[in-house]
Every structure is written in C-alpha cells, then in structure tokens.
Amino acid sequence: MKREILCSLLAGAALLMLVACGEKTPAYDATGTFESTELTVSAKMSGELVEFHVEEGAEVPRAAVVGQIDDNQLKLKKEQLEMTKAQLSANQRQLGATRASTDSRQLDLERQVAAIRQQIDNLQRERKRFTELVKDGAVARKQLDDIVYQIKVLEKQLAATQEQVSSNNASLARQSAGLDAQIEGVGAQRAGIGVQQAQLDDQIANAVVKAPIAGIVLEKYVEQGEFVTVGKPLFKLADLKNMILRAYVTSSQLQQVKVGQHVKVMADYGSDQGTVYDGVVTWISSRSEFTPKTIVTEDERADLVYAVKVSVKNDGGIKMGMYGKVKF
C-alpha cells in the first residue's frame with residue numbers, strides 16, 4: 001500500500017515538472033507585425049483628370065485602367081502630324097516619278113544613238129557589197145553613191161545626237177542629283193515626324209492611369225475634374241494578398257534561420273486566438289538593431305536583434321499592422 005502511494009506521488013511530481021517545462025517553452029520563436037508592399041501611383045503628365053474610378057478600400061487588378069488625363073490636344077497634334085506625313089509621302093512619290101522620268105529621257109537618247117550606229121553599220125555592209133557589184137557592172141554607180149551619201153548623213157546625225165546626249169547627260173546628272181537630295185530630305189522629314197509620333201504615342205499612353213500592381217486602395221488623394229501635374233500623387237495601393245511579417249530574432253537564433261526556409265506563421269487576433277499560415281523566409285538583415293518596444297523576443301533581456309522578413313500568402317485574414325508570431 002505504501003509502495004503504491006509512493007509511486008502515485010512520484011508520477012504526480014513528474015507530471016507537474018512536465019507541465020512546468022511546457023509553460024516555459026513558448027509556442028513561437030519570434031514576433032513582429034505584418035506589412036505589405038505599398039505603392040503610390042502618381043500622374044505621368046499634366047492636365048485635367050477627366051475620369052477617375054478609384055475608391056478607398058476597393059480592390060483593383062493589375063494593369064486596370066482607373067483614370068484618364070485629358071489628352072485631346074495631344075491627339076489633335078498627332079492628327080496634324082499624320083496629315084503632314086501623308087503630304088510628304090505624296091511629295092516623295094512625285095519626286096521619285098520625276099527622277100524616273102529623267103532617267104527615262106536619258107535612256108531614250110542613248111537608244112537613239114544605238115539605233116543610228118546600227119543603221120550606219122548596216123549601210124557600211126551594203127556599201128561593201130555594192131562596191132563589188134559596181135566593179136562587176138551588175139549595178140549602176142549611182143546606187144553606191146546614194147549609200148555613201150546616206151552614211152555621211154547618219155554620221156553627222158550621230159555626231160549631233162552624241163553631242164546632245166553628252167550635254168543632256170550633264171544636265172540630267174545635275175537634275176538627278178538635285179532630285180536625290182530632295183528625296184533624301186523628304187525622307188529625313190518623314191523620319192523626324194515618325195519620332196514625334198512615337199513621342200506623342202508615349203505621352204498619350206501616359207495619360208491613361210493604370211494600377212501597376214493588384215491591390216487594395218489605401219488612400220485617394222485627388223478627385224475627378226482636378227488639374228494634376230506630373231508627379232502628383234493620385235492614390236496609394238497595397239498588395240494585401242502577399243503579406244510580409246517583419247519579425248526579430250536574437251543572435252543566438254540566427255543559426256536556426258535561413259533564407260528560403262519554410263516556417264509556420266500565426267496571425268494573432270488576441271486572447272490566444274489566431275490563424276496559422278505557411279511562410280517563407282525571404283530576407284535576413286545583416287545588421288543588428290535595438291529591440292523595438294512593441295516586439296517580444298524569446299530572450300526578453302536581449303537588446304540587439306536582427307530583422308527577418310517572412311512572406312505569407314494572405315487569405316484575407318491578415319491585416320496590415322496586425323501582430324504575428326513565427327515558429328522556425
């Protein structure tokens with residue numbers, strides 16, 4: 001009987017020791033607060049904000065169009081450039097046609113010279129044949145004289161045509177060079193207008209206000225109808241689907257933490273209530289700092305701690321500034 005009582009007392013003492021040890025072992029290794037990526041969207045051009053569909057607390061998807069700055073003057077200028085470019089294109093085509101006509105005239109003269117030379121060659125062969133026939137008495141001398149006369153006339157015509165070709169060639173060469181310079185100049189103007197159009201397209205695109213990330217609108221700084229200038233803040237977004245728990249660990253805990261490490265994170269709602277999430281360590285500070293007053297570490301006497309960022313996918317239960325705990 002005494003032996004049984006002794007065993008019961010020893011078991012009770014062991015249980016009390018286990019309970020005491022459990023109370024000293026915390027359910028977490030570090031604490032911190034949740035934060036998110038915040039982004040202030042500013043105007044990229046000046047003008048009247050003719051449209052603005054932003055409400056605080058509203059969720060907006062990435063690249064969603066939420067506003068429009070007046071860009072009528074830019075569009076009118078673009079239309080004017082289009083008309084100027086079309087006129088330059090017409091001028092360039094006309095200059096090209098004139099250039100082709102100049103080349104055609106030069107080619108016609110060269111063809112005339114070739115035709116005259118061909119006629120002379122044919123008559124030279126005929127003169128040779130008729131010379132033999134005259135010697136044999138087969139034809140009259142007058143026929144040979146007529147051929148010789150025709151040859152002389154064609155030679156004079158060839159000389160005159162060649163002189164005309166030479167003179168025209170010099171003139172046409174100068175004209176062609178001038179046309180080439182004009183065509184090149186018009187091309188340069190069209191290229192310059194193309195650059196101006198690209199600049200206007202960029203400015204017109206900047207007149208459209210888009211959400212650079214998906215998130216929740218935290219603050220709205222302007223209203224529709226206001227005149228905004230370049231760089232003026234329009235609204236602030238926060239990515240609440242991807243939260244960051246900024247926690248603090250002591251130097252003795254650093255050996256337990258590595259970038260890329262999967263950990264358990266609890267969003268603390270108070271009164272020992274909370275939700276556990278999967279998290280990943282994304283950053284560890286390389287410098288120590290004094291423990292923030294709102295942070296409790298495993299060793300509360302620690303003065304110097306290291307900041308750690310843990311990425312957590314939010315299902316809507318985590319709010320910015322909420323207290324959180326992490327278990328490595």
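Residues numbered from 1 in each chain as written. Predicted model: local features only at pLDDT ≥ 70, side-chain atom pairs only at ≥ 80, totals over all residues. Heavy atoms only, no water.

(A) Local environment of the overall build of the chain. Tallying secondary structure elements over the chain gives three helices and 12 strands in all. Sorting the 328 residues of the chain into buried and exposed places 29% on the buried side. A sequence separation of at least 24 residues applies to 77% of the contacts in the chain between residues at least 6 apart. Accessible surface for the chain amounts to roughly 20,700 Å². Of this, 53% is attributable to carbon and sulfur atoms. (Helix = DSSP H or I, 4+ residues; strand = E, 2+ residues; numbered from the N terminus. Buried < 20%, exposed > 50% of the residue type's maximum accessible area, 1.4 Å probe, protein only. Contact = heavy atoms within 4.5 Å. Areas by Shrake-Rupley, 256 points an atom, 1.4 Å probe, with all protein chains shown as cover.)

(B) Structural view of the nonpolar core. Judged by nonpolar contacts, the single largest core of 27 residues is most densely connected at Phe-52, Ile-69, Val-209, Leu-234 and Phe-235. Those elements giving two or more residues to this core turn out to be strand 2 (47-52), strand 4 (65-69), helix 2 (72-136), helix 3 (141-206) and strand 8 (233-249). Tallying contributions element by element places helix 3 first for this core, with five residues. Every residue in contact with Ile-69, bar those within four places of it in the chain, is listed here: Ala-43, Met-45, Ser-46, Gly-47, Glu-48, Leu-49, Val-50, Ala-207, Val-209 and Val-228. Grouped together as the second largest cluster of nonpolar side chains are 19 residues, Val-249, Tyr-277, Val-281 and Val-312 included. (Core = buried A, V, L, I, M, F, W, Y, C linked by side-chain atoms within 4.5 Å.)

(C) Broad picture of unusual backbone geometry. With phi around 70°, Ala-63 is a residue other than glycine that occupies positive phi space. When its relative accessible area of 42% is taken as the criterion, Ala-63 is described as partly exposed.

(D) Molecular detail of the packing of aromatic side chains. Counted under the stated rule, the structure contains one aromatic pair. Between the aromatic rings of Phe-52 and Phe-235, the centroid separation amounts to 6.2 Å while the plane-to-plane angle is 55°, which identifies the pairing as tilted. Of this pair, Phe-52 sits in strand 2 while Phe-235 is found in strand 8, placing the two residues 183 residues apart along the sequence. Residue class for Phe-52 comes out buried when judged on its relative accessible area of 6%. When the ring centre of Trp-283 is taken as reference, the NZ or CZ atom of Lys-309 above it lies at 5.2 Å. (Phe/Tyr/Trp six-rings, centres within 6.5 Å; stacked < 30°, edge-to-face > 60°. Lys NZ or Arg CZ within 6 Å of the ring centre and 35° of its normal.)

(E) Highlighting the sheet that holds strand 2. One open sheet accounts for four strands, arranged 5-4-2-7; its pairing is antiparallel. In this open sheet, the two edge strands, each paired with only one partner strand, are strand 5 (208-210) and strand 7 (227-228). Direction of pairing for strand 2 relative to strand 4: antiparallel, over a ladder of three bridges. Residue pairing in the sheet places Glu-51 in a bridge with Gln-68 of strand 4. (Pairing = 2+ DSSP bridges.)

(F) Main features of the pattern of salt bridges. As enumerated under the stated definition, the model contains 14 salt bridges in all. Between Arg-129 and Glu-126 there is a salt bridge; the shortest N-O distance is 2.8 Å. Taken as a pair, Arg-129 and Glu-126 lie in helix 2 at a separation of three residues, close to a single helical turn. Take Glu-126: its relative accessible area is 30%, and that puts it in the partly exposed class. If you follow the salt bridges from partner to partner, you end up with Glu-38, Glu-219 and Lys-236 in one network. (Salt bridge = Lys/Arg side-chain N within 4 Å of Asp/Glu carboxyl O.)

(G) Expanded view of the side chain of Asp-268. Mapping Asp-268 onto the fold places it in strand 9 (residues 262-270). Sequence-distant contacts of Asp-268, defined by excluding residues within four places in its chain, comprise Gln-273, Met-322, Tyr-323, Gly-324 and Lys-325.

(H) Expanded view of the environment of Ile-244. Following the sequence through the fold, Ile-244 ends up in strand 8. Here Ile-244 falls in the buried class, since its relative accessible area comes to 17%. Considering only alpha carbons, one finds Ile-244 and Ser-311, 67 residues apart in sequence, at a separation of 4.7 Å. Those residues in contact with Ile-244, other than ones at most four positions away along the chain, are Thr-33, Phe-34, Glu-35, Lys-309, Val-310 and Ser-311.

(I) Examining the pairing of strand 12 (residues 323-327) more closely. Here strand 1 (residues 30-42) pairs with strand 12 via four bridges, running antiparallel. Pairing of Thr-33 across the sheet is with Tyr-323, part of strand 12. Relative to strand 12, strand 9 runs antiparallel, the two sharing four bridges. Bridged to Ala-267 within strand 12 is Gly-324.

(J) Broad picture of helix 2. The terminal C-alpha atoms of helix 2 lie 96 Å apart, and with 65 residues this matches the ideal 96 Å at 1.5 Å per residue to within 8%. Following helix 2 by one or two positions, Gly-137 has its phi on the positive side, about 75°. (Expected span 1.5 Å × (residues − 1).)

(K) Here's a closer look at the pairing of strand 11 (residues 304-313). Where strand 8 and strand 11 come together, eight bridges link them in antiparallel fashion. Paired with Ile-244 across the two strands is Ser-311, which belongs to strand 11. Across eight bridges, strand 10 (residues 273-290) lies against strand 11 in antiparallel orientation. Bridge pairing in strand 11 places Ile-284 opposite Val-308.

(L) Here's a closer look at the confidence of the model for the chain. Here the chain shows a mean pLDDT of 84. Residues at 70 or above account for 88%. Here residues 1-25 scores under 50 on pLDDT; set against residues more than four positions off or in separate chains, the count is zero contacts. (pLDDT = per-residue confidence, 0-100.)

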